[in-house]
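# Working through the structure, step by step
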Amino acid sequence: MSPRPSCPWPPPGRLRRRAPRCHGNRAVPAGNHPRAGRGVGRGGRDRVRLSRRPGPGPRCAAPPARRRTSLPGAGPGGRRGPGRPGGGRRRLTAEEARQAAAARERRFTVSMEVVQAWAPAVGFTFLPHAGGYLGSKITKREIPVWYESLQKPSWCPPNWVFAPVWGTLYTSMGYGSYLVWKELGGFNEKSVVPLGLYAGQLALNWAWTPIFFGAHKMGWGLVTLLLTTGMATGTTASWYNINKTAAYLMVPYLAWLTMASALNYRVWKDNRNKKQSE
């Protein structure tokens, strides 16, 4: 029997030549590695273990640079941006920087002018509400106890009416004072009389609540209301020659003061025999 011819392993054409692998800074071909061919695994697959020692061969080439796809209208590097015909950003020149700063300053100046124009209107309009707010703390405490115990006429308005009515009247007279202040050009010699009368009647108005509700002085409260009505009438007359709209805004206030004075008189007359400190 003739001996069986030896079968070479691996068979010719079965072993693929692998691409060079990088080891350190040098490429080592898989077939030329010192340990190539060792350790045949299961299934006929050969595994090549690379040594940690650098082998001979050319240096590893750097990976190819990834090219950025350029977009239509994009500048260098594929980025869009204003300033250049291609779309890339550019630095502003000194003249353009000065123009941009001037534009920002103009916008800031316009906004400040708007704030300055509205600030006096808001201040004059809400100024009367300051005394009304402080007086409301006294009325909330005295109305449920002391005021309810007083004898009042049948035409006396309900208690819930007073707060919205006084709020509306304070707003109207406050805005009227702003119109007069604006018409006269601010605080000057011409505004002493019209705004002085307005300030005097407003102070008397604020003083009525602590006198009537706080101290329970119905008689002095009536005197305060009469003085307030007189000064409010003088204020309206002085405003009429300056700004008719401001004078008309004081008419509802005068009507309410007249009603309040009559009510104060009736309450004082019907309850003057009661203890004043009650």
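The structure contained in this document is the topic of the report that follows. Keep in mind it's a predicted model, so treat the numbers as computed, not measured. (Residues numbered from 1 in each chain as written. Predicted model: local features only at pLDDT ≥ 70, side-chain atom pairs only at ≥ 80, totals over all residues. Heavy atoms only, no water.)

## Examining the overall build of the protein chain
Regarding its fold elements, the protein chain presents 6 helices and 2 strands. Listed by position from the N terminus, the elements making up the protein chain come as β-β-α-α-α-α-α-α. Look at the contacts in the protein chain between residues 6 or more apart in sequence, and 69% of them connect residues 24 or more apart. (Helix = DSSP H or I, 4+ residues; strand = E, 2+ residues; numbered from the N terminus. Contact = heavy atoms within 4.5 Å.)

## Some remarks on the packing of helix 2 (residues 159-183) against helix 3 (residues 192-214)
With their axes 10 Å apart at the nearest point, helix 2 and helix 3 run at an angle of 160° to one another. Here helix 2 lies roughly antiparallel to helix 3, going by the angle between them. You can see that helix 2 and helix 3 cross each other, and the crossing is left-handed. Touching Trp166, Tyr170, Met173, Gly174, Ser177, Val180 and Trp181 of helix 2 are Pro194, Leu195, Tyr198, Gln201, Leu202, Asn205 and Trp206, all from helix 3. Of the residues assigned to the contact of helix 2 with helix 3, the class counts are 10 nonpolar, 4 polar and no charged. (Axes fitted to C-alpha atoms, helices over the stretch in contact; angles between N-to-C directions. Parallel < 35°, antiparallel > 145°, perpendicular 65-115°, else oblique. Left-handed = near helix turned anticlockwise from the far one by under 90°. Nonpolar A, V, L, I, M, F, W, Y, C, P; charged D, E, K, R; others polar.)

## Details of the pattern of salt bridges
Within the structure shown, the criterion is met by 2 salt bridges. Across the pair arginine 141 and glutamate 142 runs a salt bridge, and its minimum N-O distance is 3.5 Å. With its nearest N and O atoms 3.6 Å apart, the salt bridge here joins arginine 266 to aspartate 270. You can see arginine 266 and its partner aspartate 270 sitting in helix 6 (residues 251-271), 4 residues apart, about one turn around the helix. For aspartate 270, a relative accessible area of 28% corresponds to the partly exposed category. (Salt bridge = Lys/Arg side-chain N within 4 Å of Asp/Glu carboxyl O. Buried < 20%, exposed > 50% of the residue type's maximum accessible area, 1.4 Å probe, protein only.)

## A closer look at the packing of aromatic side chains
Considering all chains together, one arrives at 19 aromatic pairs under this definition. Residues tryptophan 208 and phenylalanine 212 carry aromatic rings whose centres are separated by 4.9 Å and whose planes lie at 15° to one another, so their mutual orientation is stacked. Taken as a pair, tryptophan 208 and phenylalanine 212 lie in helix 3 at a separation of 4 residues, close to a single helical turn. There is no split in this pair, since tryptophan 208 and phenylalanine 212 are both buried. Of the aromatic side chains, those joined through ring pairs into one cluster are Phe124, Tyr175, Tyr178, Trp181 and Phe187. Positioned above the aromatic ring of tyrosine 147, the side-chain terminus of lysine 152 is 4.6 Å from the ring centre. (Phe/Tyr/Trp six-rings, centres within 6.5 Å; stacked < 30°, edge-to-face > 60°. Lys NZ or Arg CZ within 6 Å of the ring centre and 35° of its normal.)

## Focus on helix 4 (residues 218-240)
The end-to-end C-alpha distance of helix 4 is 33 Å, a good match for the 33 Å that 23 residues give at a rise of 1.5 Å each. Every buried residue belonging to helix 4 is among Met218, Gly221, Leu222, Thr224, Leu225, Thr228, Thr229, Ala232, Thr235, Thr236, Ser238 and Trp239, and all of these are buried. Buried residues in helix 4 make contact with helix 2, helix 3, helix 5 (244-249) and helix 6. (Expected span 1.5 Å × (residues − 1).)

## Quick notes on a nonpolar patch on the surface
Among the surface-exposed residues, Trp118, Val122 and Phe126 lie close enough to one another that they form a single nonpolar patch of about 360 Å² accessible area. Its place among the elements puts valine 122 in helix 1 (residues 94-142). (Patch = residues over 30% accessible without salt bridge, like charges linked within 9 Å, V, L, I, M, F, W, Y side chains within 5 Å. Areas by Shrake-Rupley, 256 points an atom, 1.4 Å probe, with all protein chains shown as cover.)

Purely spatial values, then, with no claim about function.
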